Amino acid sequence: KAGVTQTPRYLIKTRGQQVTLSCSPISGHRSVSWYQQTPGQGLQFLFEYFSETQRNKGNFPGRFSGRQFSNSRSEMNVSTLELGDSALYLCASSLVLAGTWDEQFFGPGTRLTVL
Amino acid sequence: AQKVTQAQTEISVVEKEDVTLDCVYETRDTTYYLFWYKQPPSGELVFLIRRNSFDEQNEISGRYSWNFQKSTSSFNFTITASQVVDSAVYFCALSKLSGGYNKLIFGAGTRLAVHP
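Residues numbered from 1 in each chain as written. Chains lettered and ligands numbered in written order. Predicted model: local features only at pLDDT ≥ 70, side-chain atom pairs only at ≥ 80, totals over all residues. Heavy atoms only, no water.

Looking at the sheet that holds strand β1 (residues 5–7) of chain A
By definition, the strands of a sheet pair up through backbone hydrogen bonds, in either a parallel or an antiparallel sense.
All names here are of chain A.
Inference 1: The sheet built from four strands is open, its strands ordered β1-β3-β8-β7 with antiparallel pairing. What marks the edges here is a single partner per strand, and that holds for β1 and β7 (64–68). Across the sheet, the mean angle separating the axes of adjacent strands is 20° when strand polarity is ignored. (Pairing = 2+ DSSP bridges. Helix = DSSP H or I, 4+ residues; strand = E, 2+ residues; numbered from the N terminus. Axes fitted to C-alpha atoms, helices over the stretch in contact; angles between N-to-C directions.)

The following block contains the structure:
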């Protein structure tokens, strides 16, 4: 069974640009969550999508947005990039069968560098 | 507000030593989940354990054991007879029991280096 895949794995952008990151969850998983990992702030929750709807959101500015498609694949977008957006962006998927907890499986991440 | 504190930034041990990673949490919720994850150099977070706030029973899984003490808001992780493969960053995390159990609040992590 394939794991969570994230594309691209590495990305270099310049300030002011925008970027889109992609996450393909494990087949059958319906929830996708996004996290930002930086040396200064650590691991921080961005948002979670379930059945194409955002159902949880972290404390990030509106420049950070996401969406989920009908096949559960998710994208996150960051507009007007700032140097501080340089980070490892991790995606996690979980099954969510009956509203109870299911293990989250994390992808390898996309490392974004903003110059 | 929810908060997870891992006071140990880095720990260095020699193989076969036992090591305990500390985790202290804060939450106003009466029900919650606690987790430990491992992050090897490859970057993926690997789930190790989940505990809900109802269950203070300690757990042992091979060389790993966890001690959950609600009275001190702690959820410590012990590796017995450490091995080089245990070298990684370990994160403790907290989430709500319902309506947000996938929204994990992570501690800063503890980097464990196990030397041969």
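Read on for the rest.
Some details on the layout of surface pockets
Inference 1: Its volume calculated, the largest pocket comes out at about 640 Å³.
Inference 2: Surrounding the largest pocket, 28 residues form its lining, Q37 of chain A together with Q39, V89, F91 and R111 of chain B being those nearest its centre.
Inference 3: Mapped onto the lining of the largest pocket, the elements with two or more residues apiece are β4 (31–38), β5 (42–50) and β9 (87–94) of chain A together with β10 (88–96) and β12 (110–115) of chain B.
Inference 4: Taken together, the residues that form the lining of the largest pocket break down as 13 nonpolar, eleven polar and four charged.
Inference 5: In this structure, the second largest pocket occupies an estimated 530 Å³ of space.
Inference 6: Lining the second largest pocket are 24 residues, and of these L43 and Q44 of chain A together with Q2, I105 and F106 of chain B lie nearest its centre.
Inference 7: Among the elements of the structure, β5 of chain A together with β1 (3–5), β10 and β11 (105–106) of chain B are those that each provide at least two residues to the lining of the second largest pocket.
Inference 8: The dominant element in the lining of the second largest pocket, judged by the number of residues it contributes, is β5 of chain A, at four residues. (1 Å grid on protein atoms, 1.4 Å probe; cavity = no way out; pocket = protein on both sides within 12 Å on 5 of 7 lines; lining within 4 Å. Points joined across faces, edges and corners; volume = space filled by probe spheres on them. Nonpolar A, V, L, I, M, F, W, Y, C, P; charged D, E, K, R; others polar.)

Some details on unusual backbone geometry
Inference 1: A cis amide bond links T7 of chain A with the next residue in sequence, P8 of chain A, at an omega value of -15°.
Inference 2: The phi dihedral of K16 of chain B falls on the positive side, at around 80°, and the residue is not glycine.
Inference 3: With respect to the element layout, K16 of chain B can be found in the loop between β2 (10–14) and β3 (19–21).
Inference 4: Using a relative accessible area of 69% as the deciding quantity, one classes K16 of chain B as exposed.
Inference 5: We note that S73 of chain B has phi near 50°; this positive angle belongs to a residue other than glycine.
Inference 6: In this structure, S73 of chain B sits in the loop between β8 (64–69) and β9 (74–79). (Buried < 20%, exposed > 50% of the residue type's maximum accessible area, 1.4 Å probe, protein only.)

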